[in-house]
Amino acid sequence: MADKVYPSAKPPAAAANVNPTATSNRPFPSAKSQLYRPPGYRPAPHRRRSHRSLCCACCLWITLVIFSILLLAAISGAAIYVVYRPQRPSFSISSLQISQFNLTSTTLTSTVNFNLTAKNPNKKLIFFYDPITVSLSTNDGVSIGDGALPAFQLGTKNTTVLTSTVAAVGESLDTTSGGQLQADAKSKSGLGLTVEFDTKISVKIGGVKTKKVKVRVTCEGIKAGLPTVEVVASPAPAPSPVATITRTVTVASPATVSGGKCNVDLRVKIWKWTW
């Protein structure tokens, strides 16, 4: 009967020589690397609502609101135009007379009388004018005098004639302005003048009255004759030994205007600039 062979309790030499710390330092595969991922897979990033998209939305809404306001204003303006057919009032200087014009190289004394005619061609619009400031100058920009016109109302289909006087008393002139004015005064065709009227105007449309806006009326291309000096002889009183007495009389220029055209412009001021 064969003998039984029992394994030795002593570990083999190879096993006994194994360093126990080597097995503890062996890296183990990560649990995440063992998860299955399909080819080309990328996890979706966590998206946040950016401030840029919010600003774009605000700009879009503001643009839509502004566009809607402009569209409503255009529709309202078109409706008013169709119903009322508004037209600008017209102005003209029907007569102008230079009754005094004393000019030296450095001073000017003048008196100018004129009539301003205002016409309202509208059937449903009424114009209200504030007091008007009048400035008279030559075509070269030399001031002749200043004046004023009272406030007035220009009704529907109405024509109003305003009379005023522009005067300058001892107004100082520099050498250039005085020489230019003396040269213009010698012109045979008359003295070229420009008249400017500055005021504020409001319009009544139906039962609604608009706010006041600045208006400038400019009348250009006016030619006016200067007054002349004439010697007049008159009989002397009976006790006087002289048969006649002579005296000089200033005769004003005819109260007529040759040429001339008036333009109406709105005066809109934005900050420091005026159009």
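As a starting point, this report considers the structure included with it. Only a predicted model underlies this, so the values are computations on that prediction, with no experimental measurement involved.

### Considering the layout of surface pockets
- Estimates place the volume of the largest pocket at around 440 Å³.
- Around the largest pocket sit 18 residues that line it, and Arg 88, Pro 89, Phe 127, Val 203 and Leu 266 are the ones nearest its centre.
- When contributions to the lining of the largest pocket are tallied by element, the ones reaching two or more residues are strand E3 (125-129), strand E8 (191-205), strand E10 (213-224) and strand E13 (261-267).

### Describing empty space enclosed by the protein
- All chains considered together, the criterion is met by 1 cavity of 30 Å³ or more.
- In this structure, the largest cavity spans a volume of roughly 40 Å³.
- Lining the largest cavity are Phe 91, Leu 116, Tyr 129, Ile 132, Phe 152, Phe 197, Thr 199 and Val 217.
- Looking at side-chain class alone, the lining of the largest cavity contains 7 nonpolar, 1 polar and no charged residues.

### Comments concerning the state of the cysteines
- In total, this model carries 1 disulfide according to the counting rule given.
- Between Cys 219 and Cys 262 runs a disulfide, and the two sulfur atoms are separated by 2.0 Å. In this structure, the disulfide formed by Cys 219 and Cys 262 twists by about 105 degrees around the S-S bond and is classed as right-handed. Note that Cys 219 is positioned in strand E10 and Cys 262 in strand E13, a separation of 43 residues in sequence. Residues Cys 219 and Cys 262 agree in their burial class; the two are buried.
- With no disulfide partner, Cys 56 has as its closest neighbouring cysteine sulfur the one in Cys 59, 6.5 Å distant.
- Cys 56 gets classed as partly exposed once you look at its relative accessible area, which sits at 48%.

### Some details on the packing of aromatic side chains
- Under the definition given, this model contains 3 aromatic pairs.
- Considering the side-chain rings of Phe 91 and Tyr 129, the 6.0 Å spacing of their centres and the 90 degrees angle between planes classify their relative orientation as edge-to-face. Of the two residues, Phe 91 is situated in strand E1 (residues 90-103) and Tyr 129 in strand E3; the sequence distance between them amounts to 38 residues.
- Note on Phe 91: relative accessible area 10%, which makes it buried.
- The exposure class of Tyr 129 is buried, given its relative accessible area of 5%.
- By the ring-pair criterion, three or more aromatic residues cluster together here, those being Phe 91, Tyr 129 and Phe 152.
- The ring of Phe 128 has Lys 209 lying over it, and the distance from NZ or CZ to the ring centre is 4.1 Å.

About the cut-offs
- Residues numbered from 1 in each chain as written.
- Predicted model: local features only at pLDDT ≥ 70, side-chain atom pairs only at ≥ 80, totals over all residues.
- Heavy atoms only, no water.
- 1 Å grid on protein atoms, 1.4 Å probe; cavity = no way out; pocket = protein on both sides within 12 Å on 5 of 7 lines; lining within 4 Å.
- Points joined across faces, edges and corners; volume = space filled by probe spheres on them.
- Helix = DSSP H or I, 4+ residues; strand = E, 2+ residues; numbered from the N terminus.
- Nonpolar A, V, L, I, M, F, W, Y, C, P; charged D, E, K, R; others polar.
- Disulfide = S-S within 2.5 Å.
- Buried < 20%, exposed > 50% of the residue type's maximum accessible area, 1.4 Å probe, protein only.
- Phe/Tyr/Trp six-rings, centres within 6.5 Å; stacked < 30°, edge-to-face > 60°.
- Lys NZ or Arg CZ within 6 Å of the ring centre and 35° of its normal.

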